[in-house]
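# Descriptive structure summary
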Amino acid sequence: MGSDLKKFVNPKFLKTIDPALMRVLFVRHFGEDELPVAFEGEAPTIRAALAAHFEGTVAGWNAGMVADLHRVAELGTSEGMQLILNEARRRGVVLYPEPDPDDAESAPIRHDPKHVALHTYLLHHRVFEAAADFHALRAPTSPAEFRGPERDVGADLTEEMTEAFKAAVINLFSQDLQGQYCRLGPYEEDGEINLVISHGAQVTTTPVVTGDREEIITLRAVKYAVLRYSPVEGRLFVGGVVKAQQGEISELFARHILRRPGFFSGRDARDLYTLDPISDAGPDFAFQHRYDETIKEVRIVAAAADLFERDEEDQRWRHVRSWESKDASGGALTHFRGSEVRFGRGWRLGEITFRVAFETGAKRPAQVTVRLKPPGTLAFRRTRFEKAIHTLVQRNGLEKDRDAGMVVDAAE
């Protein structure tokens, strides 16, 4: 964590950042009368003083400033700056209202992504918070999925219900010593509801040196939980939440936002995926993708099989050992041929990893690596091609048919 912050607050940053902007940051944490850096004089003098202040280890910096800089660093990238610009445009906020006389000759340094992130954080905080929410929406690679027993179940995002949900979330997180801070950012996109929950992390303590003595400072960072709900499918994705809290937060969402307690608590709520079609086909299985012209190829680069034996004394199945195969060329399944693995004879295919190449018009195709592990894990970076990946999984029979299960339940 410290080394990442050092990379952000580096000599280049300190030599180019607007001293007036840094003064706003220091006043925020030290007040006008106790600034540890003198902001009077020429810019080079002020920047030299800033460099001296940040010369020590991160552990010795002001704890509140460390927390702020961590948040700024998250959006201090080209991608983060684009999120900030998109949000500012959406809200009608002009980040830099005064014209820059240097614009006609060269690009002003204050438009560097790091500078834009700090400027927005300090002077247009609501824009920054919203951009941080969208950044959090893109971050989780392996969200937990919950599927309700019905489709077309709408959500209630009125102030009354969101406040009730927020209070319940605060109670849940505070039980795990994550504090009372909570902010909700609801967004609707492509018919889906996205709910970003900013909340406190558990407190960390760090020893620092103050003058000639050692002190202990505490720090509570900001974390993000992301809930994404598709009313059409009745499916909820939960990201950025520890496994022990995933079921509880899905129930809070069902109770307060859907007004359907227990909607994600059914026996099939997490039973979403299967590898049975691959086990049935054996080493010759290949993904069918001709229906999508953008998919150039699909390679299975890793597969793991597990051997189970029946323990008659305990009347249960016992895991004996695993057999793993990796092949970057896409032949991971073929290595099972001639091995001891025999699906249906105590062996079960536990998980696969496959790589999908998408034709985008660039010189090289874009690649997405996906890990599929039943019953409920479909992990991949969800910034692009999410719908295409889900369609590929579904059309190859690797997603369980909920409607078929509902028919069985009704018959029973």
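Our structure is the block above this text.
Parameters and conventions
- Residues numbered from 1 in each chain as written.
- Predicted model: local features only at pLDDT ≥ 70, side-chain atom pairs only at ≥ 80, totals over all residues.
- Heavy atoms only, no water.
- Helix = DSSP H or I, 4+ residues; strand = E, 2+ residues; numbered from the N terminus.
- Contact = heavy atoms within 4.5 Å.
- Areas by Shrake-Rupley, 256 points an atom, 1.4 Å probe, with all protein chains shown as cover.
- Polar contact = N/O pair within 3.5 Å; in protein donor to acceptor, adjacent residues only side chain to side chain.
- Pairing = 2+ DSSP bridges.
- Axes fitted to C-alpha atoms, helices over the stretch in contact; angles between N-to-C directions.
- Buried < 20%, exposed > 50% of the residue type's maximum accessible area, 1.4 Å probe, protein only.
- Salt bridge = Lys/Arg side-chain N within 4 Å of Asp/Glu carboxyl O.

## Considering the overall build of the protein chain
Of the regular secondary structure elements, the protein chain holds 13 helices and 12 strands. The long-range share in the protein chain, meaning contacts at least 24 apart out of those at least 6 apart in sequence, stands at 66%. Summed over its atoms, the accessible surface of the protein chain is roughly 22,100 Å², and 49% of this surface lies on carbon and sulfur atoms.

## Some remarks on the side chain of Asp156
By the secondary structure assignment, Asp156 is in the loop between strand S1 (144–147) and helix H9 (159–175). Within the structure, Asp156 has its side chain in polar contact with the side chain of Thr158 (distance 2.9 Å). Engagement of the side chain of Asp156 in a polar contact is seen with the side chain of Arg259, the distance being 2.9 Å.

## What to know about unusual backbone geometry
With an omega of 10 degrees, the peptide bond between Pro374 and Pro375 qualifies as cis. Residue Asp152 is not a glycine yet carries a positive backbone phi of 55 degrees. Looking at the secondary structure, you find Asp152 in the loop between S1 and H9. Backbone geometry at Arg259 places phi at a positive 55 degrees, although glycine is not the residue there. Following the sequence through the fold, Arg259 ends up in the loop between helix H10 (243–256) and helix H11 (276–281).

## Here we look at the sheet that holds strand S2 (residues 182–189)
In any sheet, the strands associate via hydrogen bonds between backbone groups, in a parallel or an antiparallel arrangement. Within the open sheet, the five strands sit side by side as S1-S7-S6-S3-S2. Their pairing is antiparallel. The sheet terminates laterally at S1 and S2, the two strands that pair on one side only. Neighbour-to-neighbour, the strand axes of the sheet open up by a mean angle of 15 degrees, direction not taken into account. Most of the contacts of H9 go to S2, to which it runs at about 130 degrees, and overall it touches S2, strand S3 (192–200) and strand S6 (222–230).

## Concerning the side chain of Glu145
In this fold, Glu145 is placed in strand S1. Assessed through its relative accessible area of 0%, Glu145 is described here as buried. Here Glu145 is in contact with Arg235, Leu236, Phe237, Ala269, Arg270, Leu272, Tyr273, Leu378, Arg382 and His390, once residues within four sequence places are set aside.

## Thoughts on the pattern of salt bridges
By the definition in use, this model includes 21 salt bridges. When the shortest N-O distance is used, the salt bridge between Arg23 and Glu32 registers 2.8 Å. On the accessibility criterion, Arg23 (29% relative accessible area) is partly exposed. The partner of Arg183 in a salt bridge is Glu129, and the shortest N-O contact between them spans 2.9 Å. Taken together, the positions of Arg183 in strand S2 and Glu129 in helix H8 (residues 125–138) put the pair 54 residues apart, joining distant regions of the chain. For the pair shown, Arg183 and Glu129 are each scored as buried.

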